[in-house]
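Residues per chain, in single letters:
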Amino acid sequence: MSDLVQHHDPAAQERRLVGWLVQFHKRYGCWSGASCLALLLLLFGSGAFAQQVLVVDASQRPLEGATLFDPEKGRAAVTDARGRTDASGFVDSDTIMFRMIGHEARTLSWTELRQLAFRVVLTRMPFALDEFVVSASRWEQESERVPGQITVITPRDVAFNNPGTAADLLQQSGEVFMQRSQLGGGSPMIRGFAANRVLIVVDGVRMNNAIFRAGNLQNVIAVDADGVERVEVLHGPGAMTYGSDAIGGVMDFHLLRPRFSPDSGMLVRGGAMARYGTAANELGGNVHLGVGGRKLAFVGNASFTRFGDLRAGSNGPADYQRPWYVETINGVDSLVVNSDPDVQVGSGYNNINLFGKLAFKASDALELGLNVYYSTTSDIPRYDRLIELRPNGMPRSAEWYYGPQEWRMMSFSVRHSATEGPWSNARFIAAWQDYTESRNDRNFRGASKRTQTEQVQGLWMNMDFEKELDARTQLLYGAEFVTNDVGSNGIRVDRNNGAATIINSRYPDGSTWSTGSVYFGGMHDATERLALSAGARLNWSALACTFDTTLFQYPTTSTDLYNSALTGNFGVAYRPGTGWKLSLDLSTGFRAPNIDDIGKVFDSEPGAVIVPNPGLRPEYAYSAEVGMEKTIHELVRLRGGAYLILLDDAMVRRPFTLNGQDSIVYDGEPSRVDAIQNAARARVYGFLLGVDARITKYLSLDLRYNWQDGVEQDDANTTDVPLRHAPPPFGQAGLTWDRNKLRAQVFTQFSGGFDFDELPPSEQAKAPIYAKDELGRPFSPAWYTLNLRLAYRLHKALQVTAAVENITDQRYRPFSSGISAPGRNIVVALRATF
């Protein structure tokens, strides 16, 4: 699938093609108005087929959305999902230009095309020029018009990188930092923010729900990395477009979509993949199938991955080893010596992802869609809790695991395009989601196991409209409504006699949370070189909780909370000359309190308990970003950007009092009372440097370097301390050889470190997950890996890939992570497509 034709209808594709031709005319002035008219008649009025031309890439994969253009006679065509198009209109043409975003243009005559048997190969460029992005406005926009940093990940990247999960997929971009508390997870950090301050969107529907917490989240693994058609990461606040939670950024996942047949025949496409990785004895597989007619189309996708216990590297801090683990022998919890301390015993899990999509084209202007998604895991051991020791040197936990993380979604969508009226393009999505998770733990040699189970069900609805006022101006407006019901219960079971006792739940059972918003914005090309964008969004939220005081003596039985917020943005993208882009983006973001903020009672760490705080207000972010991009002769692209984000009324965990007491006995243990409060300010600043360079025809270089720093006020609000989710500098650099059937890459991934004084106070308290300095204090060492990847296309329908990751077998642990990264990992995968 190419980078060009994402998320559009045929009419939009035709309008875009005409736009390209107009730009071509402005730049080269080589065809007349009469030619324009003839071209439009050819594009939209001709249905004859005489000679088919096939456009493929160097690996013989069909290219959908490639354009053919004769500038002398004003003729054009676009390839379909098979990479084919009717070329009968180009008979006797002396100049036929073949163009595809991300590929070198090629010019042939009709005679040369016939000599090639009407099969044209386009060579891929190391980076795409004039790319289209969706995440900035929910509609396709030329990237040169969009201010701000957007990371794009394509299926070609996925096939080459072979990520085990969506968390791996994001990390491999080199522009998203990934924290892991256990192998079955991954909490993205974007511009110093994470968890419920970043937003996950799947096929236009937000995944964030009423219990997304401030601590590290693992929900991104519910997205199937092998089923993506395109991923975009919008860095910085995206509240105007997406509403609450989009403070640090937005991860916008677009999964495989149904394809309609361009003619009366049946379009059948599909593929399968098998992957094996040595570090975790990983075995993964994927199969997908798409069937499409002219009116009805379907695509189905299924993936399964099994991870064993993860092996860390052999060269690095001994503090990261696993010298012992707990095993129950003859009914007694026992401390067992690990025969191989580099194997992180108790980390493996399984993952299943399924989805199916059905689309019906009622007319050229109207399309209906029905999508169904399901994702689940096995039990996932919470590895960072399993390595904790009590002061007496004995393990704190015998068991600590998440139950199956289940996510279900069903969505119905309507897409409509119009030539007149209040919109040019409209989209309505109504989705139902059901999310279930549980936490299960038992103390070392404890008789009972505690289980807290949560279920969130709700309705997500959003309407988005685009109105093209003219070729230079688009209006964007829409609305969103979300409502969630939270079910929560707790139980303690004696493992000796099976007796069950009801205990306090993590959240008030039966809580409700709702949010709604309307937005209005626009994009305007003030000149051919200057694009402006602006917008505003009005948001409101409400929640209601009823507290069960029979098990926990909270001073009130219920609480209601209502909030509103107004956010906006203003952006400028200026192209002062050939290959240049300068940008400025000013935006605001916010996060409304949810059930996790106001209603939970749980022990986040030994000796501390978080209690509800009904006086919470939204937190606001104010962001400024400047960017620069320079392309030199289509051979080198330099990118740079700097940003500053100020967070006001930040919802942070601070000491609190309950019934006048600053500590209570919780679950049999004296615990300090904490609560989430609007008690701090924070600021984050940083920059990104990116280089993409074509050294020779087949050799290219890429470099990503991310630096960020952040501070927030301490518990007493008297001084600044490091921000919890601002990682050390990180990035990657590599050389890629790409010729015909072979693609090879050697690259390094790296991260700086933090000494004890640079760690946030909350991280300083997590001594078990960190290495120890010469004074015995926790710190996070810098690290790097050397890696090699290869891909070879055995046949146009069959590709084999192999990789050796972490060649030097480094033992390292990314910042804030509770589990060490894989050691030397040999990955082999086979992919077939048809």
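Note that the structure is a prediction, hence the values are computed from the model and not measured.

Another aspect to go through is the environment of glycine 823. With respect to the helices and strands, glycine 823 occurs in the loop between β51 (798–805) and β52 (825–833). In sequence terms glycine 823 and proline 778 are 45 residues apart; their C-alpha atoms lie 22 Å from each other.

Inspection of every chain in the model, using the stated rule, returns 12 cavities of 30 Å³ or more. When its volume is computed, the largest cavity comes out at roughly 750 Å³. In terms of lining, the largest cavity is formed by 44 residues, of which the most central are Asp168, Gln171, Arg180, Glu805 and Pro822. Counting residues per element, the ones that place at least two in the lining of the largest cavity are α5 (166–171), β11 (177–179), β18 (267–277), β46 (730–739), β47 (742–751), β50 (783–795) and β52. Top element by residues in the lining of the largest cavity is β50. It accounts for four residues. Of the residues belonging to the lining of the largest cavity, the class tally is 20 nonpolar, 18 polar and six charged. In this structure, the second largest cavity is lined by 25 residues; those nearest its centre are Ala136, Thr241, Ser533, Asn569 and Asp585. Every element with two or more residues in the lining of the second largest cavity is listed here: β16 (228–235), α6 (239–242), β34 (511–525), β35 (530–546), β36 (558–574) and β37 (580–591). Taken together, the residues that form the lining of the second largest cavity break down as 10 nonpolar, 13 polar and two charged.

Our next topic: a negative patch on the surface. Side chains of Asp709, Asp755, Asp757 and Glu758 sit close together on the surface and give a patch of like negative charge. One can find glutamate 758 in the loop between β47 and α9 (761–764).

Spatially, β3-β2-β5-β6 is the arrangement adopted by the four strands of the open sheet, whose pairing is antiparallel. Of all strands in the sheet, those with a lone pairing partner are β3 (75–78) and β6 (106–108), marking the two edges. With direction set aside, neighbouring strand axes in the sheet form an average angle of 20 degrees.

Take the sheet that holds strand β13 (residues 193–194) next. The strand order across the open sheet built from three strands is β11-β12-β13, with neighbouring strands paired in antiparallel fashion. For this open sheet the edge positions go to β11 and β13, each flanked by a neighbour on one side alone.

Rules used in this analysis
Residues numbered from 1 in each chain as written. Predicted model: local features only at pLDDT ≥ 70, side-chain atom pairs only at ≥ 80, totals over all residues. Heavy atoms only, no water. Helix = DSSP H or I, 4+ residues; strand = E, 2+ residues; numbered from the N terminus. 1 Å grid on protein atoms, 1.4 Å probe; cavity = no way out; pocket = protein on both sides within 12 Å on 5 of 7 lines; lining within 4 Å. Points joined across faces, edges and corners; volume = space filled by probe spheres on them. Nonpolar A, V, L, I, M, F, W, Y, C, P; charged D, E, K, R; others polar. Patch = residues over 30% accessible without salt bridge, like charges linked within 9 Å, V, L, I, M, F, W, Y side chains within 5 Å. Areas by Shrake-Rupley, 256 points an atom, 1.4 Å probe, with all protein chains shown as cover. Salt bridge = Lys/Arg side-chain N within 4 Å of Asp/Glu carboxyl O. Lys, Arg positive; Asp, Glu negative; His and termini not counted. Charge placed at Lys NZ, Arg CZ, Asp CG, Glu CD. Pairing = 2+ DSSP bridges. Axes fitted to C-alpha atoms, helices over the stretch in contact; angles between N-to-C directions.

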